[in-house]
Amino acid sequence: MARARKSRESVRAEVNRVAKQLVEDVLTPMIEEGTTPEWAKPWSGILGPTSVATGNPYRGRNRVMLMYYGRDYEAPLWLTFKRALNLSKQYAEEKGETHAAKKDDGGAYYGIKAGETGQVIFKPYTRRFTKKVDEGTADERDVVSSWVEFTLDKVWNVSQTSLPLEWVKEKMSLPEQPNVCDGSDFDETLAWIQNVMPELTLTVSEQDRAFYSPSEDRMQVPPASAYTSPERMSEVLIHEAIHATGHGKRLARPGITAKPMMRSILAYAVEEVTAELGASLYCQMTGLPHDAANHADYIQGWAKAVHDAENATEVMLRVIDDASKAVEWLMGGPLEGTPEGDRAASE
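Residues numbered from 1 in each chain as written. Predicted model: local features only at pLDDT ≥ 70, side-chain atom pairs only at ≥ 80, totals over all residues. Heavy atoms only, no water.

1. Considerations on the pattern of salt bridges
Counted under the stated rule, the structure contains 13 salt bridges. Lysine 171 serves as the salt-bridge partner of glutamate 94, at 2.9 Å between the closest nitrogen and oxygen. Of this pair, glutamate 94 sits in helix 3 (residues 81-94) while lysine 171 sits in helix 4 (residues 165-171); the two residues are 77 residues apart in sequence, bridging distant segments of the chain. The class of glutamate 94 is partly exposed, set by a relative accessible area of 45%. Since its relative accessible area comes to 39%, lysine 171 is described here as partly exposed. (Salt bridge = Lys/Arg side-chain N within 4 Å of Asp/Glu carboxyl O. Helix = DSSP H or I, 4+ residues; strand = E, 2+ residues; numbered from the N terminus. Buried < 20%, exposed > 50% of the residue type's maximum accessible area, 1.4 Å probe, protein only.)

2. Examining the sheet that holds strand 8 (residues 211-213)
Strand order in the open sheet formed by three strands is 7-9-8, with mixed pairing between adjacent strands. Looking along the sheet, the strands with just one partner apiece sit at the ends: strand 7 (201-204) and strand 8. Taken pair by pair, the neighbouring strands of this sheet meet at an average axis angle of 20°, ignoring direction. Alignment of strand 7 against strand 9 (residues 218-221), held across four bridges, turns out to be parallel. Looking at the pairing, leucine 202 lines up with methionine 219 of strand 9. Contacts from helix 5 (residues 186-196) reach strand 7 and strand 9 within the one sheet, and its direction differs from that of strand 7 by about 160°. (Pairing = 2+ DSSP bridges. Axes fitted to C-alpha atoms, helices over the stretch in contact; angles between N-to-C directions. Contact = heavy atoms within 4.5 Å.)

3. Quick look at the confidence of the model for the chain
Averaged over all residues, the pLDDT of the chain equals 85, while 88% of them reach at least 70. Across the chain, the element-wise mean pLDDT spans from 49 in strand 3 (residues 108-109) up to 97 in strand 9. (pLDDT = per-residue confidence, 0-100.)

4. Some details on the packing of helix 6 (residues 230-244) against helix 10 (residues 312-330)
Running from N to C, helix 6 and helix 10 cross one another at 105°; their axes reach a closest spacing of 9 Å. What the angle tells us is that helix 6 and helix 10 run roughly perpendicular. Note on element contacts: helix 10 touches helix 6 through Ala326, Val327 and Leu330, opposite Ile238, Ala241 and Ile242. Classifying every residue of the contact of helix 6 with helix 10 by side-chain character gives six nonpolar, no polar and no charged. (Parallel < 35°, antiparallel > 145°, perpendicular 65-115°, else oblique. Nonpolar A, V, L, I, M, F, W, Y, C, P; charged D, E, K, R; others polar.)

5. Section: the sheet that holds strand 1 (residues 50-51)
Pairing in this open sheet of four strands is mixed, and the strands run 1-2-6-5 from one edge to the other. The open sheet is flanked by strand 1 and strand 5 (119-133), the only strands paired with a single partner. Relative to strand 2 (residues 77-79), strand 1 runs parallel, the two being bridged by two bridges. Across the sheet, residue threonine 50 finds its bridge partner in strand 2, namely leucine 77. Across the sheet, helix 1 (residues 8-32) lies against strand 5 and strand 6 (141-157), angled at about 60° from strand 6, the strand it touches most. With respect to the sheet, helix 2 (residues 60-69) is in contact with strand 2, strand 5 and strand 6, its orientation differing from that of strand 5 by roughly 165°.

6. Some words on the environment of aspartate 182
For aspartate 182, the position within the fold is in the loop between helix 4 and helix 5. For the pair aspartate 182 and proline 289, spaced 107 residues apart in sequence, the C-alpha separation works out to 8.8 Å. When neighbours within four sequence positions are excluded, aspartate 182 is seen to be in contact with Leu288 and Pro289.

7. Some points on the packing of aromatic side chains
One pass over the full model with this rule turns up eight aromatic pairs. Between tyrosine 91 and tryptophan 167, the ring centres sit 5.1 Å apart and the planes meet at 70°, which makes this aromatic pair edge-to-face. Of this pair, tyrosine 91 sits in helix 3 while tryptophan 167 sits in helix 4, and the two are 76 residues apart along the sequence. For tryptophan 167, a relative accessible area of 9% puts it in the buried group. Through a chain of ring-to-ring contacts, three or more aromatic side chains come together here, namely Trp39, Tyr68 and Tyr69. Over the face of the ring belonging to phenylalanine 150 we find arginine 61, whose NZ or CZ atom lies 4.5 Å from the ring centre. Sitting over the ring of tyrosine 68, arginine 71 keeps its end group 4.3 Å from the ring centre. (Phe/Tyr/Trp six-rings, centres within 6.5 Å; stacked < 30°, edge-to-face > 60°. Lys NZ or Arg CZ within 6 Å of the ring centre and 35° of its normal.)

Below, the structure written as structure tokens:
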């Protein structure tokens, strides 16, 4: 018997529930402890949550979601129910075994281990609306409006399947991994930032202050001797680099492009939380030393301002998407496709 199709309103309600939970899970440690959440670690050269189907990284809020909820798995490799079925058939054939279409004696169902629950992710789709303008006149024409909405999909980590990790990786078509910075050397890190953003002016000053000036497109940082630890150095440099990605010639984030007199307290808070979240994601994905607790009081205040906003869930989702886009930029520029999700998740 076919399942009843859910109404658009019920789907939106589910999407909003999942989004609100993600926002709470990411914001809570920033408010209560002044630090970002614990994230999934890179594995075998793969830097972040990656689709087994395409070999491409998940993006936007899906990247953050899988890095948070998938932090206890060994590898950041994710696949759909259908992909698990196809791969388990292929693995059985290579082993000379018969693949069971239903539950087998080992408790595996289509390659998914018994009792394992898939992780919900966002699946974007484009809606279009056509409206006639100047109807009945010589200028009559159709105007098409389009916007992105979301539904939900499910993926499973490879560790939740009966498939060997290394075997799955061998079957994947992985793109060349981005040229990332290891953060071990101050001068090399600055040179890497300059290479990623050639127009950016980088200044090393004896002043004990790091900042990014949008009007000058200038990033100023203290010298190497000013940092108390490698964690502090990489956190400060990447935090300011994330700010720089918001310039109008790059990702054009409102918290950076708006004139100072036009920026609200909330706009400042949104940009600061974006930079901190982006720095945390980047450092974790690339293995850079990072300890956001170094300035807990500072982050707590901005995170609380975002949490207390009238439309906090919508605001924080924008922070999550913007932080993920900034990470992509630092990894070699924005990727093609929909920034808010991964269409390959349905394959």
